[in-house]
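Results of the structural survey
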Amino acid sequence: MENALNLLRTHIEPEREAILNHPLYEQMQKLEALQTFSEYHVYAVWDFMSLLKALQRNLTCISLPWLPVGSADTRFLINEIVVGEESDVDRHGTRMSHFEMYLNAMEKMGANTSGIHAFIAALRAGEALETAFDRAKTPDAARRFVRFTFDLLAENKTSNLAAVFTFGREDLIPDMFHAMVQELSQQHPEQLADFIYYLERHIEVDGGHHSHLALEMTAACCGKEALLWEEASAKVVAALACRRALWDGVLAALETEKMALQ
C-alpha cells in the first residue's frame, strides 16, 4: 500500500510543485490583493465541504433505518474529519464550520462577501449551480474550479473522491498556506487576525492529524487495485490543474486591478 501511495505522489509532484511555487504568492503583499484572493478562494473553501460530505455519505450510513456500512475504521476516519471541518472553534471559542470561519475572516479584512452570500442564498432557494453562479457573478476561474468538483461528485467513485480530497485538498493546504502566513503575519494584524487564525488552524489540523486520517482513508478506498490507484492519480492531477487555474485567475484579476490604477 505504501508503494502505491508513493507512486501516486511521484505522479502528481510536478503539478503540486507548480501550485506551491505559483507567482500569485508574491502578490500577496497588500490587503487589497488578499481581499481579491479571498473572493475567489472562498468558493474552494465552500465546495470542499460538499466533497467531504460525499465521502461521509459513501463511507457511513446517513439514511434511515441505520445500518452498518463498510469498515468501522473507515467510518471513524471520515467522521472525525467531518467533526473538525464542520464544527471547529474560531479564535474566540465560538463553534462553527471552517467555511463560516472563512466568511467571518473575509468580512473582518474588508473583502466583498456579497457574491458568496448571493451564491449560498440561491442554492438555499433551490436554484441550480449554474444559476447560483450567475446570480452571484462568480468569477470564471472559481466557476471552473467548482464545476470540476461537482463533476467528480456526480461520478461518485469513492476511491477518486478520497484521493482528490487527500492529495488535491487536505495534503496540499498546509504547504500552500504556509508561504502566505509568513508574509501576512507582519501586516495588518488587527484586520487579518481572523484570517491568520484560519490559516494557522488549517496548518495545525490538516498538516497533522487530518492528513494522516485522509491517507489511511485513501489507502482503504483504493486497496490493492492497481487500476483504482491509476485512475485516482489521474483525477488528482486534474484537480491540481484546476487549483493552478484558480490561482491563475486570481493573478490575472490582480494584474487587471493594477492596470486600472495606473
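From a predicted model like this one, the values you see are computed outputs, not experimental measurements.

**With respect to empty space enclosed by the protein**
Applying the stated criterion to the full structure yields two cavities of 30 Å³ or more. Approximately 110 Å³ is the volume attributed to the largest cavity. For the largest cavity, the lining is made up of 15 residues, of which Val 45, Phe 48, Ile 173, Tyr 198 and His 202 are closest to its centre. Elements that contribute at least two residues to the lining of the largest cavity include exactly helix H2 (31–59), helix H4 (98–109), helix H9 (173–184) and helix H10 (193–206). No other element matches H2, which puts five residues into the lining of the largest cavity. A per-class count over the lining of the largest cavity returns nine nonpolar, three polar and three charged. Its volume calculated, the second largest cavity comes out at about 70 Å³. Those elements giving two or more residues to the lining of the second largest cavity turn out to be helix H7 (140–155), helix H8 (158–170) and helix H12 (226–261). With four residues, H7 is the single largest residue contributor to the lining of the second largest cavity.

**Notes on the pattern of salt bridges**
Throughout the structure, instances matching the rule amount to eleven salt bridges. Between Arg 135 and Glu 127 there is a salt bridge, with its nearest N and O atoms 3.1 Å apart. Arg 143 is the salt-bridge partner of Asp 134, the closest N and O atoms lying 2.9 Å from each other. By relative accessible area, which is 12% here, Arg 143 ends up buried.

**Describing H2**
For H2, which comprises 29 residues, the first-to-last C-alpha distance of 41 Å matches the rise-based estimate of 42 Å (1.5 Å per residue) to within 8%. The largest bend in H2 comes to about 35°, at Tyr 40. A large share of H2 lies buried, amounting to 23 of its 29 residues.

**Describing the packing of aromatic side chains**
Per the counting criterion, the structure on display carries nine aromatic pairs. With a centroid separation of 5.5 Å and 15° between ring planes, the pair formed by Phe 119 and Phe 133 is classed as stacked. Pair noted here: Phe 119 is in helix H5 (residues 114–124) and Phe 133 is in helix H6 (residues 129–136), with a separation of 14 residues, a long-range link. Phe 133 carries the same exposure label as Phe 119, and that label is buried. Centre to centre, the rings of Phe 195 and Tyr 198 are 6.5 Å apart; their planes meet at 25°, and the pair counts as stacked. Placement of the pair is Phe 195 and Tyr 198 together in helix H10, with a separation of three residues, close to one helical turn. Exposure remark for Tyr 198: the relative accessible area of 3% places this residue in the buried category. Clustering of aromatic rings is evident, with ring pairs tying together Tyr 43, Trp 46, Phe 119, Phe 133 and Phe 150.

**Regarding the layout of surface pockets**
Taken as a whole, the largest pocket holds about 280 Å³ of empty space. What lines the largest pocket is Trp 46, Met 49, Glu 86, Ser 97, Phe 99, Glu 100, Leu 103, Asn 104, His 117, Ile 120 and Arg 124. No other element matches the four residues that H4 contributes to the lining of the largest pocket. Grouping the amino acids of the lining of the largest pocket by side-chain chemistry returns five nonpolar, three polar and three charged.

**Here's the deal with the packing of H2 against helix H3 (residues 72–86)**
Two quantities define a packed helix pair, namely the angle between the helix axes and the distance between the axes. The contact between H2 and H3 brings their axes to 10 Å, and the two run at 150°. The angle between H2 and H3 places the two elements in the roughly antiparallel class. The hand of the H2/H3 crossing is left-handed. Residues Phe 48, Met 49, Leu 52, Lys 53, Leu 55, Gln 56 and Leu 59 of H2 form the contact with H3, whose own contacting residues are Thr 74, Arg 75, Ile 78, Asn 79, Ile 81, Val 82, Glu 85 and Glu 86.

**Examining H7**
With 16 residues, H7 extends 23 Å from end C-alpha to end C-alpha; this agrees with the ideal 22 Å at 1.5 Å per step. Of all the positions in H7, only Ala 141, Ala 142, Arg 143, Phe 145, Val 146, Phe 148, Thr 149, Leu 152 and Leu 153 are classed as buried. Positioned one or two residues after H7, Asn 156 has a phi angle of 55°, which is positive.

Calculation criteria
- Residues numbered from 1 in each chain as written.
- Predicted model: local features only at pLDDT ≥ 70, side-chain atom pairs only at ≥ 80, totals over all residues.
- Heavy atoms only, no water.
- 1 Å grid on protein atoms, 1.4 Å probe; cavity = no way out; pocket = protein on both sides within 12 Å on 5 of 7 lines; lining within 4 Å.
- Points joined across faces, edges and corners; volume = space filled by probe spheres on them.
- Helix = DSSP H or I, 4+ residues; strand = E, 2+ residues; numbered from the N terminus.
- Nonpolar A, V, L, I, M, F, W, Y, C, P; charged D, E, K, R; others polar.
- Salt bridge = Lys/Arg side-chain N within 4 Å of Asp/Glu carboxyl O.
- Buried < 20%, exposed > 50% of the residue type's maximum accessible area, 1.4 Å probe, protein only.
- Expected span 1.5 Å × (residues − 1).
- Bend = angle between axes of the 7 residues up to and from the residue.
- Phe/Tyr/Trp six-rings, centres within 6.5 Å; stacked < 30°, edge-to-face > 60°.
- Axes fitted to C-alpha atoms, helices over the stretch in contact; angles between N-to-C directions.
- Parallel < 35°, antiparallel > 145°, perpendicular 65-115°, else oblique.
- Left-handed = near helix turned anticlockwise from the far one by under 90°.
- Contact = heavy atoms within 4.5 Å.

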